[in-house]
Amino acid sequence: MKAARIALAAAVVAAIAVTASFAVGSKEKAPAISYTLLDGTKQTSAEALKGKVVLVNFWATSCTSCVKEMPELVATHQKYKDKGFETLAVAMSYDPPAYVASFAESRQLPFKVAIDNTGEIARQYGKVQLTPTTFVLNRKGEIVKRYVGEPDFQQLHLLLEKLLAESA
């Protein structure tokens, strides 16, 4: 019983340490990824996102929190897109492509939408399994914030404004 409590405590401390490292601004380089957009265009993060402040959102059409936050993601994208900001919505591997395409079309999503058919993008971003999970990258391609669950959009906007004011 004591060993189980110690193991649980160690797991909690490790989880807090990982969360804290993102919260205090640990600047881990974002993975270089290749992806295919809904229109069939193939892109890489190195060419399409370089020098921009980027929001990478892992989501699924079956995720109620993802669907709920999508209008805020659209509004955020619209607010900052002309200031060097890009949004990449990555649909999870288990999400049927037809559902993703229908959702993107019916909601007129104004940003890049990719389907992570193999789960490779989620793996490269630290084995993302929970949706929504959102990463904010600075102009240097470093991860400056990770949100698991819906972000506080007011705080997110403050962070984006700070990052957009910085030079690459």
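Below or above, wherever it landed, is the structure these notes cover.

**Some words on the nonpolar core**
One broad trend across soluble globular proteins is that nonpolar side chains are buried collectively.
Next, step 1: Residues Tyr35, Phe58, Trp59 and Tyr125 are the most contacted members of the largest nonpolar core, which totals 49 residues.
Next, step 2: Setting aside residues up to four positions removed in sequence, Tyr35 forms contacts with Thr41, Lys42, Gln43, Thr44, Ser45, Ala48, Leu49, Leu88, Lys112, Ala114 and Ile121.

**Focus: the pairing of strand β8 (residues 142-148)**
Next, step 1: As defined by bridge partners, strand β1 (residues 28-29) adjoins β8 across two bridges and the pair is classed as antiparallel. Residue pairing across strands places Lys29 opposite Glu142, the latter belonging to β8.
Next, step 2: Note: strand β7 (residues 133-137) against β8, five bridges, orientation antiparallel. Looking at the pairing, Thr133 lines up with Val148 of β8.
Next, step 3: Hairpin connection from β7 to β8: four residues lie between these consecutive antiparallel strands, with Gly141 at a positive phi of about 80°.

**What to know about the packing of helix α3 (residues 64-80) against helix α6 (residues 153-165)**
Next, step 1: Running from amino to carboxyl end, α3 crosses α6 at an angle of 25°, the nearest separation of the two axes being 12 Å. Viewed along their axes, α3 and α6 adopt a mutual orientation that is roughly parallel. In terms of crossing hand, the pair formed by α3 and α6 is right-handed. For the pair α3 and α6, contact is made by Glu69, Glu72, Leu73, Thr76, Lys79 and Tyr80 and by Phe153, His157, Leu160, Glu161 and Leu164, respectively.
Next, step 2: Split by residue class, the contact of α3 with α6 holds five nonpolar, two polar and four charged.

**A few points about unusual backbone geometry**
Next, step 1: Of note, the bond from Thr131 into Pro132 is cis; its omega dihedral lies within 30 degrees of zero at -5°.
Next, step 2: Relative to the assigned elements, Pro132 resides in the loop between α5 (120-124) and β7.
Next, step 3: With a phi angle near 50°, Gln108 is a residue other than glycine that sits in the positive phi range.
Next, step 4: By the element assignment, Gln108 lies in the loop between α4 (97-106) and β6 (112-115).
Next, step 5: Gln108 gets classed as exposed once you look at its relative accessible area, which sits at 65%.
Next, step 6: Phi is positive for Lys127, close to 60°, though the residue is something other than glycine.
Next, step 7: Considering the arrangement of structural elements, one finds Lys127 in the loop between α5 and β7.

**Examining the sheet that holds β7**
Next, step 1: If you trace the six strands from one edge of the open sheet to the other, you get β1-β8-β7-β4-β5-β6, paired in mixed fashion. Of all the strands in the sheet, just β1 and β6 have a single pairing partner and so form its edges.
Next, step 2: Contacts from α4 reach β4 (53-59), β5 (85-91) and β6 within the one sheet, and its direction differs from that of β6 by about 170°.

**Re the side chain of His77**
Next, step 1: Assignment of secondary structure puts His77 in helix α3.
Next, step 2: His77 sits in the buried class, given a relative accessible area of 5%.
Next, step 3: Residues within four places of His77 in sequence aside, it is in contact with Phe85, Glu86, Thr87, Pro110 and Phe111.

**Description of the pairing of β4**
Next, step 1: For β4, the buried fraction is high: seven of the seven residues fall into the buried class.
Next, step 2: Side chains Val53, Leu55, Asn57 and Trp59 of β4 all project onto a buried face; the interleaved residues Val54, Val56 and Phe58 project onto the opposite face, where all are buried too.
Next, step 3: The pairing of β4 with β5 spans seven bridges and is classified as parallel. From the neighbouring strand, Phe58 faces β5, where its bridge partner is Val90.
Next, step 4: Handedness of the crossover joining β4 and β5 through α3: right-handed.
Next, step 5: As judged from the five bridges shared by β4 and β7, these two strands associate in the antiparallel manner. Following the sheet pairing, Leu55 is matched in β7 by Val136.

About the thresholds
Residues numbered from 1 in each chain as written. Predicted model: local features only at pLDDT ≥ 70, side-chain atom pairs only at ≥ 80, totals over all residues. Heavy atoms only, no water. Core = buried A, V, L, I, M, F, W, Y, C linked by side-chain atoms within 4.5 Å. Buried < 20%, exposed > 50% of the residue type's maximum accessible area, 1.4 Å probe, protein only. Contact = heavy atoms within 4.5 Å. Pairing = 2+ DSSP bridges. Helix = DSSP H or I, 4+ residues; strand = E, 2+ residues; numbered from the N terminus. Axes fitted to C-alpha atoms, helices over the stretch in contact; angles between N-to-C directions. Parallel < 35°, antiparallel > 145°, perpendicular 65-115°, else oblique. Left-handed = near helix turned anticlockwise from the far one by under 90°. Nonpolar A, V, L, I, M, F, W, Y, C, P; charged D, E, K, R; others polar. Right-handed = clockwise from strand over helix to strand, strands pointing away.

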